Amino acid sequence: MLVSWNTTNQCNMLCDHCYRDAGTKSVDELSTDEARQLIIDIKKAGFQIMIFSGGEPLMRTDIYELGKYATQQGLRAVLGTNGSLITPEVARKLKDSGFMAAGVSLDSLDPIKNNAFRKLDNAYQLTIAGMKNLQDAGLPFQIHTTVMDWNVEELEAITDFAVQIGAMAHHVFFLVPTGRGINIEDEALRVVEYEKTIARLMDKQKQVSIEIKPTCAPQFIRIADKKSVPLRFTKGCLAGISYCIISPVGNVQPCAYLDIRLGNVREKSFDLIWKENETLRILRTMEYEGKCGICDYKNRCGGCRARANYYNGKANYMAEDTWCLYHPQGDV
C-alpha cells in the first residue's frame, strides 16, 4: 500500500500536464505539526510507502524533518521531484533524512522539447545534474516520463538513458486530463496508439534489467501476460484500493487524476477516511460496468478508474475504461 502526499502547491516549473496546477503556494497548506499527525494516521491505516510529492517538495523547508519522521514511524519515505533543486548538499540531506528513493521527472532527451514542456529554460540540465547528485549520494532514483504524442517515439531511448545514468526504473505515465492537463488533452495518445505503446514498453522490458512500468495504464498487466513478461505487480489500477493521494491542504482523493474529494484530514483523521469513506468502499467492490465488469482481467487490471470517469461524462468512476481494446468473452 502506498500513499502520495502533495506536500505543497509551490513549484519552480509550470509543466503543461500538471494535475495539481502547481506553481504558487496554496493558502493554508498543512503545517509541520499537521503533517506529523498525518504521517501517524497514514501508518495507522496500514500503509507502507509514503511518497512526498508536490508541486516541488524540495520547496517545502521542513521536508527533511518530515522525511525523517516518516522513517521513524516505520514508513518507506520516497520523494517525487522534478530534480532541478537537487544539489550535492540536498542529495546528502535527503539520504541522511531517511529518504529511500526518488522519482525524477524527465520527458524528453531533447533539451528544447523537455524545457518547453516544463516551462523552465534550463530544466533539462538541472534535472540531469540532480540525478547525478542522487547517484553520488547513494540514493536510488527512477525516471518518470509523461508520454505525449510528441515524445512517444523517444520512450525506448529514455529507458536506455535511464540504464546509462544509473536509474533503477523507468515509469511511464499516461495522461488523464486533470488540472492543466485538460488543456493538452488532444496531445494524449488515443486508443490504438495507447495499446501499441504499452506493448512497445513490454517488449523493451525484455531487453533491459531495470523495471519499466506503465502508470495509469493498467492494461499493461494483460499485455505483459500475453508477451510472457514477468511482473512484480499484481494489480493495475490501485485507486482507492491500495493507493490514494492527499492535497497540500489535506483533501483526500482516490488518485491524482480522479478528482473526487473524500474528506479532509483536518476534519477527520486520514485512517478513518481510508476505512469509512463510501466512494472507497464502492471502488473496492470492483463491480465495474460494461466490459470491465465481465473481463477476465477485472481483478488484476481493473481499467483506469480516472479515465473511465473522465470519458463517461465525469460522472461514473465505475464505468468501463473506453481506452481498452480488449474484448473479453461475452462482450458484444
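Procedures and definitions
Residues numbered from 1 in each chain as written. Predicted model: local features only at pLDDT ≥ 70, side-chain atom pairs only at ≥ 80, totals over all residues. Heavy atoms only, no water. Helix = DSSP H or I, 4+ residues; strand = E, 2+ residues; numbered from the N terminus. Expected span 1.5 Å × (residues − 1). Buried < 20%, exposed > 50% of the residue type's maximum accessible area, 1.4 Å probe, protein only. Contact = heavy atoms within 4.5 Å. Salt bridge = Lys/Arg side-chain N within 4 Å of Asp/Glu carboxyl O. pLDDT = per-residue confidence, 0-100. Core = buried A, V, L, I, M, F, W, Y, C linked by side-chain atoms within 4.5 Å. Pairing = 2+ DSSP bridges. Right-handed = clockwise from strand over helix to strand, strands pointing away. Axes fitted to C-alpha atoms, helices over the stretch in contact; angles between N-to-C directions.

### Quick word on helix H1 (residues 32–44)
The periodicity of an α-helix, 3.6 residues per turn, causes residues three or four positions apart to be oriented the same way.
(1) Moving on: For H1, built from 13 residues, the straight-helix expectation of 18 Å at 1.5 Å per residue is met to within 8% by its first-to-last C-alpha distance of 18 Å.
(2) Moving on: Three or more residues of H1 are buried, namely Ala35, Leu38, Ile39, Asp41 and Ile42.
(3) Moving on: Check the buried side of H1 and you find it contacts strand E1 (2–6), strand E2 (49–53), helix H2 (63–72), strand E8 (243–246) and helix H9 (270–276).
(4) Moving on: One or two steps after H1, the chain reaches Gly46, where phi turns positive at roughly 100 degrees.

### Details of unusual backbone geometry
Comment: phi is negative for the bulk of residues other than glycine, and the bulk of peptide bonds are trans.
(1) Moving on: Here the bond from Gly54 into Gly55 is cis, since omega is 10 degrees, no more than 30 degrees from zero.
(2) Moving on: Inspection of the secondary structure puts Gly55 in the loop between E2 and H2.
(3) Moving on: The residue Asp28 is not glycine, and still its phi comes out positive at about 65 degrees.
(4) Moving on: One can find Asp28 in the loop between E1 and H1.
(5) Moving on: In this model, Ser228 sits at a positive phi of 55 degrees, which is unusual for a non-glycine residue.
(6) Moving on: Note on placement: Ser228 falls in the loop between helix H8 (220–226) and E8.

### Some details on the environment of Phe99
(1) Moving on: Mapping Phe99 onto the fold places it in the loop between helix H3 (88–97) and strand E4 (101–105).
(2) Moving on: On the basis of relative accessible area, Phe99 is assigned to the buried category, the value being 2%.
(3) Moving on: Residues Phe99 and Leu75, spaced 24 residues apart in sequence, show a C-alpha to C-alpha distance of 9.8 Å.
(4) Moving on: Every residue in contact with Phe99, bar those within four places of it in the chain, is listed here: Phe52, Ile63, Gly67, Ala77, Val78, Leu79, Leu94 and Leu139.

### Points about the pattern of salt bridges
(1) Moving on: Counted under the stated rule, the structure contains 15 salt bridges.
(2) Moving on: Two residues, Glu195 and Arg222, come together in a salt bridge whose shortest N-O distance is 2.9 Å. Remark: Arg222 occurs in helix H8 and Glu195 occurs in helix H7 (residues 191–205); sequence separation between them is 27 residues. Residue Glu195 shares its accessibility class with Arg222, and that shared class is buried.
(3) Moving on: Its salt-bridge partner being Lys227, residue Asp203 comes within 3.1 Å of it at the nearest N-O pair. A residue pair is termed long-range when its members are at least 10 positions apart, and Asp203 in helix H7 and Lys227 in the loop between H8 and E8 qualify at 24 residues.
(4) Moving on: We classify Lys227 as partly exposed; its relative accessible area is 23%.

### Things to note about the confidence of the model for the protein chain
(1) Moving on: Averaged over all residues, the pLDDT of the protein chain equals 93, while 93% of them reach at least 70.
(2) Moving on: Note that residues 180–184 has pLDDT below 50 and, in this model, 17 contacts with residues that lie over four places away or in other chains.

### Considerations on the nonpolar core
(1) Moving on: Formed by 94 residues in total, the largest nonpolar core has its most connected members in Phe52 and Phe270.
(2) Moving on: For Phe270, the residues in contact, after removing those within four places along its chain, are Val3, Leu38, Asp41, Ile42, Ala45, Phe47, Cys244, Ile246, Val252 and Val265.

### Comments concerning the pairing of E4
(1) Moving on: Counting buried residues in E4 gives five out of five residues, a clear majority hidden from the surface.
(2) Moving on: Burial of the side chains of E4 extends over both faces: Ala101, Gly103 and Ser105 are buried on one face and Ala102 and Val104 on the other.
(3) Moving on: The pairing of strand E3 (residues 76–81) with E4 spans four bridges and is parallel. Paired with Val78 across the two strands is Ala101, which belongs to E4.
(4) Moving on: In this region the chain leaves E3, passes through H3 and returns to the parallel neighbour E4; the handedness of that crossover is right-handed.
(5) Moving on: Sheet topology note: the E4/strand E5 (residues 141–147) ladder contains four bridges and is parallel. Bridge assignment links Ala102 to a residue of E5, and that residue is Phe141.

### Examining the sheet that holds E5
(1) Moving on: The strand order across the open sheet formed by 10 strands is E7-E6-E5-E4-E3-E2-E1-E8-E9-E10, and the pairing between neighbours is mixed. The open sheet terminates on both sides in strands that have one partner only, identified here as strand E7 (211–215) and strand E10 (263–264).
(2) Moving on: One ladder, built from two bridges, connects strand E9 (residues 251–253) with E10; its direction is antiparallel. Opposite Asn251, over in E10, you have Asn264 as the bridge partner.
(3) Moving on: Sitting on the sheet, helix H6 (residues 155–165) touches E5, strand E6 (169–174) and E7, and the angle it makes with E5 is about 165 degrees.

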